Amino acid sequence: MASTSEIRRRIGSVRQTQKITHAMYLISQAKLRKAKQDLSNTRPYFDALQTEIGRVFNADSSIESRYLMPEDANRPLPGVAACLLITADKGLAGAYNQNAIRQAQQFLAANEGAELYVVGEYGRRWFTQRGIPIEKSFLYTAQNPTLRRARQISELLLERYDAGEINAVHIIYTDMKNGLEATVRQAQVLPLTREHFSAAQASTAGDPTFEYVPSPAAVLDNAVRSCLTGFIYSALVDSFCSEQSAR
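Starting from 1, residues in each chain are numbered consecutively following that chain's sequence as written. At least 70 in pLDDT is required for a residue's local features to be given in this predicted model, at least 80 for side-chain atom pairs to be given and counted, and no such filter applies to totals for whole chains, interfaces and linings, which use all residues. Side-chain figures throughout are based on the complete set of non-hydrogen atoms in the structure, without hydrogens or water.

### Side note on the overall build of the protein
Secondary structure elements follow DSSP: runs of H or I no shorter than four residues count as helices, runs of E no shorter than two count as strands, and numbering proceeds from the N terminus. Per the secondary structure count, the protein includes six helices and five strands. Across the protein, every contact between residues at least 6 apart in sequence was considered, and the portion connecting residues at least 24 apart equals 74%. Carbon together with sulfur atoms contributes 51% to the accessible area of the protein, which is approximately 13,700 Å² in total. The criterion used for residue contact is that any of the two residues' heavy atoms lie within 4.5 Å. Where accessible areas are quoted, they stem from the Shrake-Rupley method and a 1.4 Å probe; at the residue level, only the protein chains shown are allowed to cover.

### Considering the packing of aromatic side chains
The geometry of two aromatic rings is summed up by the distance between their centres and the angle between their planes. Note on aromatic contacts: the rings of Phe and Tyr and the six-membered ring of Trp form a pair at centre separations within 6.5 Å, being stacked when their planes are under 30 degrees apart, edge-to-face when over 60 apart, and tilted otherwise. In this structure the tally under the stated criterion is three aromatic pairs. Ring plane angle 90 degrees and centroid distance 6.4 Å describe the contact between Tyr173 and Phe231, whose orientation is recorded as edge-to-face. One end of the pair, Tyr173, is in strand 4 (residues 166-176); the other, Phe231, is in helix 6 (residues 216-246), and 58 residues separate them in sequence. To sit over a ring, a charge needs its Lys NZ or Arg CZ within 6 Å of the ring centre and within 35 degrees of the ring normal. Over the aromatic face of Trp126 sits the side chain of Arg130, whose NZ or CZ is 4.0 Å from the ring centroid.

### Focus on the layout of surface pockets
Each pocket or cavity is described by its volume, and for the largest pocket that value is around 350 Å³. For each structure, a 1 Å grid was placed over the protein atoms alone; sets of points admitting a 1.4 Å probe that cannot get out are labelled cavities, open sets with protein on both sides within 12 Å along at least five of seven lines are labelled pockets, and lining residues have an atom within 4 Å of a point. Lining the largest pocket are 21 residues; nearest its centre among them are Phe46, Gln50, Gly230, Phe231 and Ser234. At the level of secondary structure, the elements contributing two or more residues to the lining of the largest pocket comprise helix 1 (4-59), strand 5 (182-190) and helix 6. Looking at which element gives the most residues to the lining of the largest pocket, the answer is helix 6, with nine residues. Gly is put with the polar residues, along with every residue not named as nonpolar or charged; the nonpolar set is Ala, Val, Leu, Ile, Met, Phe, Trp, Tyr, Cys and Pro, and the charged set is Asp, Glu, Lys and Arg. Class assignment of the residues belonging to the lining of the largest pocket gives a composition of 12 nonpolar, five polar and four charged. Grid points are joined across faces, edges and corners, and a volume is the space filled by probe spheres set on the points.

### Regarding the pattern of salt bridges
For this document, the term salt bridge refers to a Lys or Arg side-chain nitrogen within 4 Å of an Asp or Glu carboxyl oxygen. According to the stated counting rule, one finds eight salt bridges in the structure shown. The partner of Glu115 in a salt bridge is Arg160, and the shortest N-O contact between them spans 2.8 Å. In this pair, Glu115 is assigned in strand 2 (residues 115-119) and Arg160 in helix 4 (residues 147-162), connecting sequence segments 45 residues apart. When its relative accessible area of 12% is taken as the criterion, Glu115 is described as buried. We note a salt bridge from Arg160 to Glu135, for which the minimum N-O separation is 3.6 Å. Of this pair, Arg160 sits in helix 4 while Glu135 sits in the loop between helix 3 (121-129) and strand 3 (136-138), placing them 25 residues apart in sequence. Given the relative accessible area of 17%, Arg160 is considered buried. Within the structure, one salt-bridge network assembled from shared partners comprises Arg66, Asp162, Asp221 and Arg225. Partly exposed residues are those whose accessible area sits between 20% and 50% of the maximum for their type, while under 20% is buried and over 50% is exposed, using a 1.4 Å probe and protein chains only.

This is the structure:
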C-alpha cells in the first residue's frame, strides 16, 4: 500500500497536470474563435464569386473550360491525380491526424501513381518515416492558415494542372460540422463539375444577362482559379478548427 507522502505527491502531480491541460484548453479555444472569425470575414467574397460563376453559365450554357469536367467524363486526361493532405504539426489531438492519414493512404492505393502534397509536420514525418514519397511538402506551419498560403498552394497545383502533369486535385481535410463532431472529407476541386455551381446558377437565373469581356470562358477561367484558392483556404481553416476542437 502506498504511503501518505506518495499519495500526496500523486495528488500534487495530478493537480499540476490539470493546470497544464486547462491552459491548453483555453489556448485552443482562443485559436478556434480567431480561426472561425477569419473564415467568416473572407467567406462573403468567395460566396459572391460563386454567384458570378453562376451568372456566366446563365450567359452561355455551352461554355467550356479546362477547369471543368469534360462532357465525356470517361475520356482520360493527361497526367496523374494529386492529393493535398492537411494534418496538424503535432500529436496529442486524439484521432485527428490518423483519420486524415488513413484516408490519404486509401486514396494513394486506389490511384496508381498519384502525387502526394502535404500540409502539416505530423503528416510530413509520418509518410517520410515509412518511405512514401511526397511530391511537395509545404514547409510552413499548419497552425496559421492564411489566404496568402492558400494562394501559394493553389498556384502550384494550377501550374502543374495547366502543364498536364496532374489531371485532378483532391483535398483531404477534417471538416468540423459543429463544436462536437468532426469528420474527414475528401473533395475533388479540379476539375470542377457544373453541378458544383448549380445553386448559384439557379439563384441568378432571373438576373439580367451580362456581356463578358474578353469572353465568358476567359472570365470563368479566372474566377475558377480564385474559387480554388477559397476552397483550399476554407479547408485549411476547417482542419485547424477541428484540430483545436480535438485538443
